[in-house]
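One-letter residues, chain by chain:
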Amino acid sequence: MTNNKHFETLDPENWEEMRQLAHRIVDDALDYIQSTADRPAWQAVPGEIAKRLESPAPAEPSSPTDVYDEYREVIQPYTMHTAHPRFWAWYMGSGTVFGALGELLAATLNPNLGGGNHAAPLVEKQVIGWIRDMMGFPESASGLLTSGGSMANFTALTVARNTSAGYDVRREGVRAASGPLTVYASTEIHSCHQKSIETLGLGTAGLRKISVNDDYTMNLDALTRQVKADRSSGMIPFCVVATAGTINTGAIDDLNAIADFCANEGLWFHVDGCIGAVAVLADNVRDQLNGMERADSVALDLHKWMHIPFEAGCVLVRDASAHYDSFALVPEYLQREADDGGMASGGLWFSDYGLQLTRQFRALKVWMSIKEHGLARFGRMMARNVEQARYLGELIDRTNKLELTAPIGLDIVCFRYNPGGLDEEELNRLNKIVLVSLQEGGIAAPSYTTLKGRICLRVAISNHRSRFEDFDLLVREVIRIGQDIELLTSK
């Protein structure tokens, strides 16, 4: 018989000490968010800190207080600081306090959202219903919360392939197709689509990238010609991906025109709305998204412009049965009957609608955030970001030595420092230095992209903490840094 005098578990040895530490952690977390503007927008990880993060795993326990203190010293100061009001890199949301607390509560409950008879799947169902209604999809549509836009787009493209190929792809595989299965999207499409199409067995050639207009929207004449030529050569077009907010410039494709084209050609109409779809909530954007409600599927990200803490993506599929048929698989250890009672009862198993069986309770932070703020407030935050993008554009237009490098789409502004008299190679080099100086100086955190061979600063204003004066500061600092570089290089 074993001695149970000291029964070892992973629970705290001293609950009261852990309770005190937990209160300290929550207080520090709130202080971190509340004071985010007082810190640098970004700072590099020092070499000695990086070295500490290479140490081997400990074999023996440490004090929870010591572990937390090490986090405060080694990790917290050197993260992305997406909460900072001048974080405009790539395209990320800024997070919220209540969303973070929702993440804590979800981890405390620690349910598996694959399925089963418990409250968490019902929360996800409700959240998906809210999003479905936002997007103007019918009540019969299905949906799934995902890790982000990449998995949302992958899920939609899987359903599109399986539904539109003309045979049972799940059973026979892509090798049974009578020709190469082909997807169409603009040259501005996010890279996750190429990864998805390669993973689906179609190869890189299975994605046809269509040229864009001067405003970076898909050229419909080029799309028409390409689909016709591909059909003539034995390829099998099955899907067109329109973009509601391109990653580089925020351009929105002509969604109604693409919907008409897909209807006439018998093609699946998918919208990658990970940047802009949720802007149906914004009064100054909504009309630009007309036609999205006609899509067969939509991918969107709630951890971008709705600021849900990472990860929180979503896919909607108009034909719920096609969605189910693309993923449902019920092995013996997951057998269930809706009316048999017990934990496995209930008809809601989200594992039937995607790759994952083990799924985190990401719906809770979405549910709590929408309950706290209401959809109208989210829409106002988005509308303000759009106004700020236009304001920054006006500042650039009025400022000597700065120039816009693309039309402003949604809340993304691309521009560069150009003092004149430099060739493109010199300008590219100069603007890279400007960007790094902004970041390493902790001033602001834009990113950069390349448009028509020109490197430019890319300011993605998906930030509910950004104030108009932050953009005044950005312009001043870009001019100051650019002029300092000019002085150094002229000596």
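Here's a quick rundown of the structure. Since this is a predicted model, take the numbers as computed values, not measurements.

### Regarding the side chain of Glu124
So, point 1. Relative to the helices and strands, Glu124 resides in helix H5 (residues 119-135).
So, point 2. One polar contact links Glu124 to Arg359, side chain to side chain, over a distance of 2.6 Å.

### Topic: the pairing of strand S4 (residues 236-243)
So, point 1. Counted residue by residue, S4 has eight buried out of eight residues, so it is predominantly covered.
So, point 2. Examined bridge by bridge, S4 and strand S5 (residues 268-272) share five bridges and lie parallel to one another. Counterpart to Ala242 in the pairing with S5 is Val271.

### Structural notes on the sheet that holds strand S11 (residues 454-460)
So, point 1. The sheet built from four strands is open, its strands ordered S8-S9-S11-S10 with antiparallel pairing. The sheet is open, and its two edges are formed by strand S8 (402-404) and strand S10 (447-451), each paired on a single side. On average, each strand axis in the sheet is inclined to that of its neighbour by 40°, with strand direction left out of account.
So, point 2. In terms of strand pairing, S10 meets S11 through five bridges, oriented antiparallel. Each bridged residue has a counterpart across the sheet, and for Ser447 the counterpart in S11 is Arg458.

### A closer look at the sheet that holds strand S3 (residues 207-210)
So, point 1. The strand order across the open sheet formed by seven strands is S1-S7-S6-S5-S4-S2-S3, and the pairing between neighbours is mixed. The sheet is open, and its two borders are formed by strand S1 (142-146) and S3, each paired with just one other strand. Adjacent strand axes in the sheet meet at a mean angle of 20°, parallel and antiparallel pairs treated alike.
So, point 2. Bridge count between strand S6 (residues 297-301) and strand S7 (residues 313-317): five bridges; the pairing is antiparallel. Of the residues in S7, the one forming a bridge with Ser297 is Val317.
So, point 3. Here H5 sits on the sheet in contact with S1, S6 and S7, set at roughly 110° to S1.

### Side note on the pairing of S6
So, point 1. Along S6, five of the five residues are buried, which leaves the element largely enclosed by surrounding structure.
So, point 2. What you see with S6 is no split at all: Ser297, Ala299 and Asp301 on one side and Val298 and Leu300 on the other are buried throughout.
So, point 3. Of the strand pairs in this sheet, S5 and S6 are connected by three bridges, and their pairing is parallel. Within the sheet, the bridge partner assigned to His270 lies in S6 and is Ser297.

### A closer look at the packing of helix H12 (residues 363-373) against helix H13 (residues 375-398)
So, point 1. Orientation of H12 relative to H13, taken along the N-to-C sense of each, is 85°, at an axis distance of 6 Å. Judged on the interaxial angle alone, H13 and H12 are roughly perpendicular. Residue-level contacts link Ser369, Ile370 and His373 of H12 to Leu375, Arg377 and Phe378 of H13.
So, point 2. Looking at side-chain class alone, the contact of H12 with H13 contains three nonpolar, two polar and one charged residues.

### A few points about the environment of Asp301
So, point 1. Checked against the element boundaries, Asp301 lands in strand S6.
So, point 2. Asp301 sits 23 residues away from Val278 along the chain, and the two C-alpha atoms are 7.9 Å apart.
So, point 3. Asp301 has contacts with Gly148, Gly149, Cys274, Val278, Ala312 and Gly313, leaving out every residue within four places of it along the chain.
So, point 4. Among the polar contacts made by the side chain of Asp301, one reaches the main-chain amide nitrogen of Gly149 at a distance of 2.7 Å.
So, point 5. For Asp301, the side chain forms a polar contact with the side chain of Lys304, separated by 2.3 Å.

### Brief notes about the layout of surface pockets
So, point 1. In this structure, the largest pocket occupies an estimated 890 Å³ of space.
So, point 2. In terms of lining, the largest pocket is formed by 29 residues, of which the most central are Ala29, Tyr32, Ile33, Tyr71 and Ala100.
So, point 3. At the level of elements, helix H1 (15-34), helix H3 (64-74) and helix H4 (97-109) are the ones that each hand at least two residues to the lining of the largest pocket.
So, point 4. Among the elements that line the lining of the largest pocket, the one with the most residues is H1, at seven residues.
So, point 5. Partitioned by chemical class, the residues of the lining of the largest pocket number 17 nonpolar, nine polar and three charged.

### Remarks on the nonpolar core
Buried together is how nonpolar side chains tend to be arranged in soluble globular proteins.
So, point 1. Among the nonpolar cores identified, the biggest contains 102 residues, and Met135, Met292 and Leu302 are the most heavily contacted of them.
So, point 2. Among the elements that take part in this core, H5 stands out by supplying seven residues, more than any other.
So, point 3. Filtering out sequence-adjacent residues up to four positions away, Leu302 remains in contact with Ile131, Leu145, Val278, His307, Ile308, Ala312, Gly313 and Val366.
So, point 4. One finds Trp88, Leu438, Leu474 and Val478 within the second-largest nonpolar core, a separate group that totals 25 residues.

### As for the packing of aromatic side chains
So, point 1. This model, assessed by the stated rule, comprises five aromatic pairs.
So, point 2. Measuring from ring centre to ring centre gives 4.8 Å for Trp88 and Phe471, while their planes differ by 20°; the resulting arrangement is stacked. With Trp88 in the loop between H3 and H4 and Phe471 in helix H15 (residues 468-490), this pair connects stretches of sequence that are 383 residues apart. Here Trp88 and Phe471 have matching classes, each one buried.
So, point 3. Both rings, one in Tyr91 and one in Trp305, keep their centres 6.5 Å apart while their planes meet at 85°; by these two values the pair is edge-to-face. With Tyr91 in the loop between H3 and H4 and Trp305 in the loop between S6 and S7, the pair connects residues that are 214 residues apart, well separated along the chain. For the residue pair Tyr91 and Trp305, the accessibility class agrees, reading buried in each case.
So, point 4. Directly above the aromatic system of Phe137 lies the positively charged group of Arg318, at a separation of 4.7 Å from the ring centroid.

Thresholds, definitions, all that
- Residues numbered from 1 in each chain as written.
- Predicted model: local features only at pLDDT ≥ 70, side-chain atom pairs only at ≥ 80, totals over all residues.
- Heavy atoms only, no water.
- Helix = DSSP H or I, 4+ residues; strand = E, 2+ residues; numbered from the N terminus.
- Polar contact = N/O pair within 3.5 Å; in protein donor to acceptor, adjacent residues only side chain to side chain.
- Buried < 20%, exposed > 50% of the residue type's maximum accessible area, 1.4 Å probe, protein only.
- Pairing = 2+ DSSP bridges.
- Axes fitted to C-alpha atoms, helices over the stretch in contact; angles between N-to-C directions.
- Contact = heavy atoms within 4.5 Å.
- Parallel < 35°, antiparallel > 145°, perpendicular 65-115°, else oblique.
- Nonpolar A, V, L, I, M, F, W, Y, C, P; charged D, E, K, R; others polar.
- 1 Å grid on protein atoms, 1.4 Å probe; cavity = no way out; pocket = protein on both sides within 12 Å on 5 of 7 lines; lining within 4 Å.
- Points joined across faces, edges and corners; volume = space filled by probe spheres on them.
- Core = buried A, V, L, I, M, F, W, Y, C linked by side-chain atoms within 4.5 Å.
- Phe/Tyr/Trp six-rings, centres within 6.5 Å; stacked < 30°, edge-to-face > 60°.
- Lys NZ or Arg CZ within 6 Å of the ring centre and 35° of its normal.

In short, the description is geometric, and any link to function would need to be established separately.
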